[in-house]
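For reference, the chains in residue letters:
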Amino acid sequence: MALGQSQRARPVARLVTSPFTAHGEAAQTRAVRVVPVASASSASMAASGTMSMERRAFELINEQRRANGLPRFEWDEDLCRMARALSGQMASRNFFNHVTPDGRDMSARAHASGIMHWSALAENIAYNQGFDDPAGFAVERWMNSAKHRDNILNGYFTRSAIGVARSSDGRIFFTQVFIAR
């Protein structure tokens, strides 16, 4: 099963489940609390690199999970490499999509990265430019989008990572990958 949004230039979410997943039960409906994202100062963001933005976005995501009664995600280095690769390609090849120009979708990229034996994968992508806190803005926009929020607040996922890349024109690309095994 694959779910996603249209190809317009807005933050995008995608969920792919393996045909081997054992969780056929209906999703539970519950109230979702959106926590305001705190802004960082311009000086601190200017001094930070992409790794800092990755960690900031990851911590903000975990704040959202905690506020909604979910456990924190565990950082996954393999997912980080996969996320960084897609963000880097989007930044350098000037595209914004879950499928690379050479036709590799999320599943193909996961297998190429050595990520096997999963029951579900999901991915959120976004880009922005000109914000004092690009990571905070990306997370805020994801939380205001039903499909992104669904990925972030999906209790089935336990591991995640975020990859960030900056294009030559200053756009900052974010990819968050989620996994359930």
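In what follows, the structure referred to is the one given above.
Below or above, wherever it landed, is the structure these notes cover. (Residues numbered from 1 in each chain as written. Predicted model: local features only at pLDDT ≥ 70, side-chain atom pairs only at ≥ 80, totals over all residues. Heavy atoms only, no water.)

**Focus on the overall build of the protein chain**
Worth spelling out the cut-off: Helix and strand assignments come from DSSP, with helices taken as H or I runs of at least 4 residues and strands as E runs of at least 2, each series counted from the N terminus. Accessible areas in this description were obtained via Shrake-Rupley with a 1.4 Å probe; residue shielding takes into account the shown protein chains only.
Looking only at helices and strands, one finds 6 helices and 6 strands in the protein chain. Overall, the protein chain shows an N-to-C arrangement of helices and strands of β-β-α-α-β-α-α-β-α-α-β-β. Only carbon and sulfur atoms are counted for the fraction: they give 51% of the accessible area of the protein chain, which is about 9000 Å².

**Some points on the pattern of salt bridges**
Rules: By definition here, a salt bridge exists when the distance from a side-chain nitrogen of Lys or Arg to a carboxyl oxygen of Asp or Glu is within 4 Å. Using a 1.4 Å probe on the protein chains alone, a residue whose accessible area is under 20% of its type maximum counts as buried, one over 50% counts as exposed, and one in between counts as partly exposed.
Under the defined criterion, the tally for this structure stands at 8 salt bridges. Ionic pairing is found between Asp-76 and Arg-159, a salt bridge with its closest N-O pair at 2.8 Å. One end of the pair, Asp-76, is in the loop between strand 3 (74-75) and helix 3 (77-93); the other, Arg-159, is in strand 5 (residues 159-166), with 83 residues separating them in the sequence. By relative accessible area, which is 5% here, Asp-76 ends up buried. What makes Arg-159 partly exposed here is its relative accessible area of 23%.

**Focus on helix 3**
Given 3.6 residues per helical turn, the α-helix brings residues three or four places apart onto the same face. The condition is simple: In this analysis, the expected span of each helix is defined as 1.5 Å times one less than the number of residues it contains. In this context, the arc is that of the directions from the helix axis out to the C-beta atoms. In what follows, a contact means two residues having at least one pair of non-hydrogen atoms within 4.5 Å. Distance and chemistry together define a polar contact, namely a pair of N or O atoms within 3.5 Å, with one atom able to donate a hydrogen and the other to accept it when in protein, and with adjacent residues in sequence counting only for side-chain atoms on both sides.
Over its 17 residues, helix 3 runs 24 Å from end to end, which matches the ideal 24 Å to within 8%, given 1.5 Å per residue. Buried within helix 3 we find Leu-79, Cys-80, Met-82, Ala-83, Leu-86, Ser-87, Met-90 and Ala-91. Along the axis of helix 3, the buried positions cluster into a sector of 165 degrees, meaning they face one direction only. Residues of helix 3 that are buried in the fold lie against helix 2 (50-67), strand 3, helix 4 (106-112), strand 4 (120-128), strand 5 and strand 6 (172-180). Measuring from the side-chain oxygen of the N-cap residue of helix 3 to the backbone nitrogen of Asp-78 gives 3.0 Å; that N-cap residue is Asp-76. Trailing helix 3 by a residue or two, Asn-94 shows a phi angle of about 55 degrees, which is positive.

**Description of unusual backbone geometry**
Outside of glycine, negative phi angles account for most residues, and trans bonds account for most peptide bonds. We note that Asn-94 has phi near 55 degrees; this positive angle belongs to a residue other than glycine. In this structure Asn-94 comes out as exposed when scored by relative accessible area, which is 55%.

**Comments concerning helix 5 (residues 134-143)**
Extensive coverage of helix 5 is indicated by the burial of 7 of its 10 residues. For helix 5, the full list of buried residues reads Pro-134, Ala-135, Gly-136, Ala-138, Val-139, Trp-142 and Met-143.

**Digging into the pairing of strand 6**
Basically, it comes down to this: Criterion used throughout: strands pair if DSSP finds at least two bridges between them.
The element strand 6 is largely enclosed, with a buried count of 9 among its 9 residues. One ladder, built from 9 bridges, connects strand 4 with strand 6; its direction is antiparallel. In the strand pairing of strand 6, Ala-120 is matched with Ala-180. Here strand 5 pairs with strand 6 via 8 bridges, running antiparallel. Note that in strand 6 the partner of Ala-165 across the bridge is Phe-173. Connecting strand 5 to the antiparallel partner strand 6 that follows it, the hairpin turn spans 5 residues, and Gly-170 within it adopts a positive phi of roughly 95 degrees.

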